[in-house]
Amino acid sequence: MLFRSRLGHPPERVWAALTEFDDLRHWHPSPFELEGRAGGAVHFLPPEGAAFGEGRVIAYEPPRLLAYSWGEDELRWELVPRDEGTLLTLTHTFEDRLKAARDAAGWELCLTALGDVLRGARGPAPTGDRAILGDWEELNRVYQDRFGIPAEEATPPPNQVAATDSLLPQLM
């Protein structure tokens, strides 16, 4: 799945929002601390609750490329200077096609929150109940239709809240 977003901030500032825990906890679904090198550990520390687990840094090239494992998935963040800001590309690679709508809806909310963080906002990340009570359910339905995923087959959110009840991702 691929997301692209134009951000009105330089790559160095966007990089900080992608790698510094104090920024991550306001927009990322599983904020983390990492060892800044390929092969380094990623320690996921969700905003609430117990630790999410560990991952591995796959690529670390500040301020243009960050890739790491996230459970069985891979997240790849590419930053390219554009005009007075940054073109951010997120590639989320995973095997389970039936979770595409769930994750696309979540990333849309989280990337919107990333933009808010870059503008100075410091609210809680749009995850868990905050996402479900917000726009997640409607976005999930839209992405299920876009990706051709029947609601009864779609992977529910990790917190088991009933998923059956300007960012354009593409299913790859």
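The following paragraphs examine the structure supplied in this document. Quick caveat, the model's predicted, so the values are computed rather than measured.

A few words on the packing of helix H3 (residues 100–118) against helix H5 (residues 136–147). Interaxial distance between H3 and H5 falls to 8 Å at its minimum, and their mutual angle equals 130 degrees. By the angle between their axes, H3 is oblique relative to H5. The way H3 lies across H5 gives a crossing that is right-handed. Judged by residue contacts, Ala100, Ala101, Arg102, Ala104, Ala105, Gly106, Glu108 and Leu109 of H3 engage Trp136, Leu139, Asn140, Tyr143, Gln144 and Phe147 from H5. Residue classes in the contact of H3 with H5 are distributed as 9 nonpolar, 3 polar and 2 charged.

The subject of this paragraph is the pattern of salt bridges. For the structure shown, the criterion picks out 12 salt bridges. For arginine 25, the salt bridge goes to aspartate 22, with nearest N and O atoms at 2.9 Å. Take aspartate 22: its relative accessible area is 41%, and that puts it in the partly exposed class. Of the charged contacts, one joins glutamate 35 and arginine 37 as a salt bridge, the two residues approaching to 2.9 Å between their closest N and O atoms. Judged by its relative accessible area of 33%, glutamate 35 is partly exposed.

Quick look at the sheet that holds strand S6 (residues 73–82) now. What the 7 strands build is an open sheet, ordered S1-S7-S6-S5-S4-S3-S2; its pairing is antiparallel. For this open sheet the edge positions go to strand S1 (2–7) and strand S2 (32–34), each flanked by a neighbour on one side alone. When the angles between neighbouring strand axes are averaged without regard to direction, this sheet yields 20 degrees. Sheet strands in contact with helix H1 (residues 11–19) are S1, S2, strand S4 (53–61), strand S5 (65–70), S6 and strand S7 (85–93), and its direction is about 160 degrees off that of S6.

Quick notes on the rules
- Residues numbered from 1 in each chain as written.
- Predicted model: local features only at pLDDT ≥ 70, side-chain atom pairs only at ≥ 80, totals over all residues.
- Heavy atoms only, no water.
- Axes fitted to C-alpha atoms, helices over the stretch in contact; angles between N-to-C directions.
- Helix = DSSP H or I, 4+ residues; strand = E, 2+ residues; numbered from the N terminus.
- Parallel < 35°, antiparallel > 145°, perpendicular 65-115°, else oblique.
- Left-handed = near helix turned anticlockwise from the far one by under 90°.
- Contact = heavy atoms within 4.5 Å.
- Nonpolar A, V, L, I, M, F, W, Y, C, P; charged D, E, K, R; others polar.
- Salt bridge = Lys/Arg side-chain N within 4 Å of Asp/Glu carboxyl O.
- Buried < 20%, exposed > 50% of the residue type's maximum accessible area, 1.4 Å probe, protein only.
- Pairing = 2+ DSSP bridges.

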